[in-house]
Amino acid sequence: MRRSIAPTRFPAMLALAATLAVAGCASKDQIPNTAADLGLSGGAGTPGSSQDFTVNVGDRIFFDTDSSAIRADAQATLARQAQWLNQYSQYAITIEGHADERGTREYNLALGARRAAATRDFLVGRGVAANRIKTISYGKERPVAVCDNISCWSQNRRAVTLLGGPSS
Amino acid sequence: MRRIARTLATFGLVLMIAGMLGTIPARALLQIDVTKGTVEPLPIAITDFLSGDETGVEISNVIAADLRRSGLFAPIDKAAFIERNSNPDAAPRFADWTVINAQAVVNGRVTQEADGRLKVIYRLWDTYAGQQLIGEQFFTERSKWRRVAHIIADSIYERLTGEKGYFDTRIVYVDESGPRDQRVKRLAIMDQDGANHRLLTNGQSIVLTPRFSPNRQEITYMSYENGQPQVYLLQLETGQRELVANFPNMTFAPRFSPDGQKVIMSLLRDDGNSNIFTLDLRSRNTTRLTNSNSIDTSPSYAPDGSRIVFTSDRGGRAQLYVMGADGSNPKRISFGDGTYSTPVWSPRGDLIAFTKQSGGDFQIGVMRPDGSGERIISTGFLQEGPTWAPNGRVLMFFAQAPGAAGPQLQSIDLTGRNKQTIATPNFGSDPAWSPLLE
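Residues numbered from 1 in each chain as written. Chains lettered and ligands numbered in written order. Predicted model: local features only at pLDDT ≥ 70, side-chain atom pairs only at ≥ 80, totals over all residues.

Chemist: What's the story with the overall build of chain A in this structure? I'm lost.
Modeler: If you tally the helices and strands in chain A, you get 5 helices and 4 strands. Reading the secondary structure of chain A in the N-to-C direction produces α-α-β-α-β-α-β-α-β. Among the 168 residues that make up chain A, the fraction classed as buried is 43%. Of the contacts formed within chain A by residues at least 6 apart in sequence, a portion of 68% connects residues at least 24 apart. (Helix = DSSP H or I, 4+ residues; strand = E, 2+ residues; numbered from the N terminus. Buried ≥ 20, exposed ≤ 12 C-beta atoms within 10 Å, placed from the backbone. Contact = placed C-beta atoms within 7 Å.)

Given below as structure tokens:
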């Protein structure tokens, strides 16, 4: 179902520009959540590949408790995502909205959906075509970090942008 | 108490209560007041029913276990019995029972009819008054002996408490296995005492929030099997599954209306908010009940169908609201410190149970439908999703301790007494209690 499509071509000039843009966005006051932020960008992923997106751009953003507001650090990540997606327009994407385990099941399904929609709206506002984007909420069903304190909960309140699927 | 012959048609079974066995109308000499915060469980002797095989012992054990789990009865150890095998055709030797402090005695007999069916008769006696309180007989397929035992336990419970029983019921819930970040979830169903456990889905898709139809034959639930999470129906007898309606966006939080004709649920809007709709199962028409720029979810009907309680964050954070069945006049009812969700209306109509998050804990509580009389029944690290026993006296929910690998089902009396963990093969969540069959 989630199928990454290898780009058919990646102009070297544009790829270089993307790398520079990534480097320019990583600033010290952000939570480091990408390899680029941690200074590990060298050689990680072919430009335009899904690995490039995940490692160098950052495929996920995080939210405050019971909130779907796009935080400042998340805005920086989404700006990079939008730039990358506008460059590699062959990709359709699915945005997964997630909640932490500190809410009840049905409310968290709705909260995850709202986070996915807020993420989508931000990307659309930065020029990514809406018909490339699907959203899905997993509520609290798919935590990435499993412990019973805030260090895990803060990682689970997230929206993840997945590459894949044909544009509709 | 006078009951005429009735027929219970369930899953092809015909179970008959053939009639009363000469009940002497007695004043309620023996009565448990279930509304008190503390109750001394009533000592009761459940004798082994006379039978040619183990069935009599097994029936009496199921009855005793049901009554014991309710917290209102203390079945006496059979080793203490003086009169071991009591013949239900004659009055027990009451002095032999009062001397071991048995306030009530149950005796019975199981025989096999020429057609292979079981005939079960039993009587409930008040030992101090020296009177029969109940006498009934049943005919059933041998395989359904547990149901007969639960029905007998319900009759004893009702006769001695004045409240309907809840033992001839089932629980549908979500069986959880595997690691927490890749949890496998399957629908499962079992009798309320854990017997006859059965998995209903194969675990390939996430399934959530199963709920019974009023006739107990159908389940509505949410599944990810179609890619987009949606509300489904499952026929218990045939195993047939059906998408309720193919909406472009997620549908979730389903429940049946009290007449079973509609499913009420949340539908995600394109803008990320969720509103409440009903779907008429015959006409397939949908009706929008809320239209707010907020999360409106977890709708639950009052038992008379006139009103709906739901969760909404329209005021900023999740709170409980009550509106008319047509969506009219929504009114906030929860005003305590914290957030409120998962409201579910009691089958008696008198209370709404909910999950409350306050001070870092999760709480299970109840309030009256006008929001007054809020009372917290259970508090813990993570506990959620109450469901009512059909008599409105007992709640079941799921709970997970910090550091635990998964959640378990728990039940608790409305008074906050008698919290019990329900044994399940794996972890369990999202329980829903079936109605009683009338």
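Chemist: Before we go on, may I ask you to explain the sheet that holds strand β30 (residues 420-422) of chain B in this structure?
Modeler: The strands that make up a sheet are held in pairs by hydrogen bonds between backbone atoms, and each pair lies either parallel or antiparallel. Residues and elements named next belong to chain B. If you trace the 4 strands from one edge of the open sheet to the other, you get β27-β28-β29-β30, paired in antiparallel fashion. In this open sheet, the two strands that pair with only one neighbour each are β27 (382-388) and β30. Pairwise comparison of adjacent strand axes, ignoring direction, gives a mean angle of 35° for this sheet. When strand β28 (residues 394-400) meets strand β29 (residues 408-413), the two strands line up antiparallel, connected through 6 bridges. By the bridge assignment, Ala399 is partnered in β29 with Gln408. (Pairing = 2+ DSSP bridges. Axes fitted to C-alpha atoms, helices over the stretch in contact; angles between N-to-C directions.)

Chemist: What's the story with the packing of helix α2 (residues 50-58) of chain A against helix α3 (residues 72-87) of chain A in this structure? I'm lost.
Modeler: For any two helices packed against each other, one specifies the inter-axial angle together with the distance between the axes. Residue and element names in this part refer to chain A. Contact geometry of α2 with α3 gives a least axis separation of 10 Å together with a crossing angle of 145°. In the packing of α2 onto α3, the handedness of the crossing is right-handed. Across the interface between the two elements, Phe53, Val57 and Gly58 of α2 pack against Thr77, Arg80, Gln81 and Trp84 of α3. In terms of residue class, the contact of α2 with α3 is built from 3 nonpolar, 3 polar and 1 charged. (Left-handed = near helix turned anticlockwise from the far one by under 90°. Nonpolar A, V, L, I, M, F, W, Y, C, P; charged D, E, K, R; others polar.)

Chemist: Can you help me understand helix α1 (residues 55-69) of chain B in this one?
Modeler: For the α-helix, the turn length of 3.6 residues means that residues three or four positions removed from each other point alike. Residues and elements named next belong to chain B. With 15 residues, α1 should cover 21 Å at 1.5 Å per step; its first-to-last C-alpha distance of 21 Å lies within 8% of that length. What α1 keeps buried is the set Gly56, Ile59, Ser60, Val62, Ile63, Ala64, Asp66 and Leu67. Gly71, located one to two residues past α1, shows a positive phi value of around 80°. (Expected span 1.5 Å × (residues − 1).)

Chemist: Please clarify how unusual backbone geometry should be interpreted in this entry.
Modeler: Among all residues save glycine, negative phi is the norm, and among peptide bonds the norm is trans. All names here are of chain B. For Asn101, which is not glycine, the phi dihedral falls at a positive 65°. Topologically, Asn101 is positioned in the loop between α2 (94-98) and β5 (104-112). Despite not being glycine, Arg216 has its phi angle at roughly 65°, a positive value.

Chemist: Got a minute to help me understand the environment of B:Arg198 in this structure?
Modeler: Residue and element names in this part refer to chain B. Relative to the elements of secondary structure, Arg198 occurs in strand β10 (residues 198-199). Of the residues examined, Arg198 has 10 C-beta atoms within 10 Å and is grouped as exposed. The spatial distance from the C-alpha of Arg198 to the C-alpha of Val172 is 9.6 Å, given a sequence separation of 26 residues. When near neighbours in sequence (up to four residues on either side) are disregarded, Arg198 contacts Ala188 and Ile189.

Chemist: What should I look at first to understand the domain arrangement of chain B in this one?
Modeler: The figure often quoted for interface size is the accessible area lost as the parts come together. Residue and element names in this part refer to chain B. Considered domain by domain, chain B is made up of domain 1 (6-161) and domain 2 (170-433). Computed over C-alpha atoms, the centres of domain 1 and domain 2 are 34 Å apart. Ranked by the residues each element gives to the side of domain 1 that touches domain 2, the list is headed by α1, at 3 residues. Considering only residue class, the side of domain 1 that touches domain 2 consists of 3 nonpolar, 2 polar and 3 charged. (Domains from an automatic or database assignment.)

Chemist: Would you explain the interface of chain A and chain B in this entry?
Modeler: Opposite the 23 residues of chain A that make contact, chain B presents 31 residues. Of all the elements in the fold, those that place two or more residues in the side of chain A that touches chain B are α4 (105-125) and β3 (133-139) of chain A. In terms of residue class, the side of chain A that touches chain B is made up of 12 nonpolar, 3 polar and 8 charged.

Chemist: Before we go on, may I ask you to explain the sheet that holds strand β25 (residues 361-367) of chain B in this structure?
Modeler: All names here are of chain B. Pairing is antiparallel across the open sheet formed by 4 strands, whose spatial order is β23-β24-β25-β26. Each having just a single partner strand, β23 (339-345) and β26 (375-380) make up the two edges of the open sheet. Across the sheet, the mean angle from the axis of one strand to that of its neighbour is 20°, orientation sign disregarded. Direction of pairing for strand β24 (residues 352-358) relative to β25: antiparallel, over a ladder of 7 bridges.

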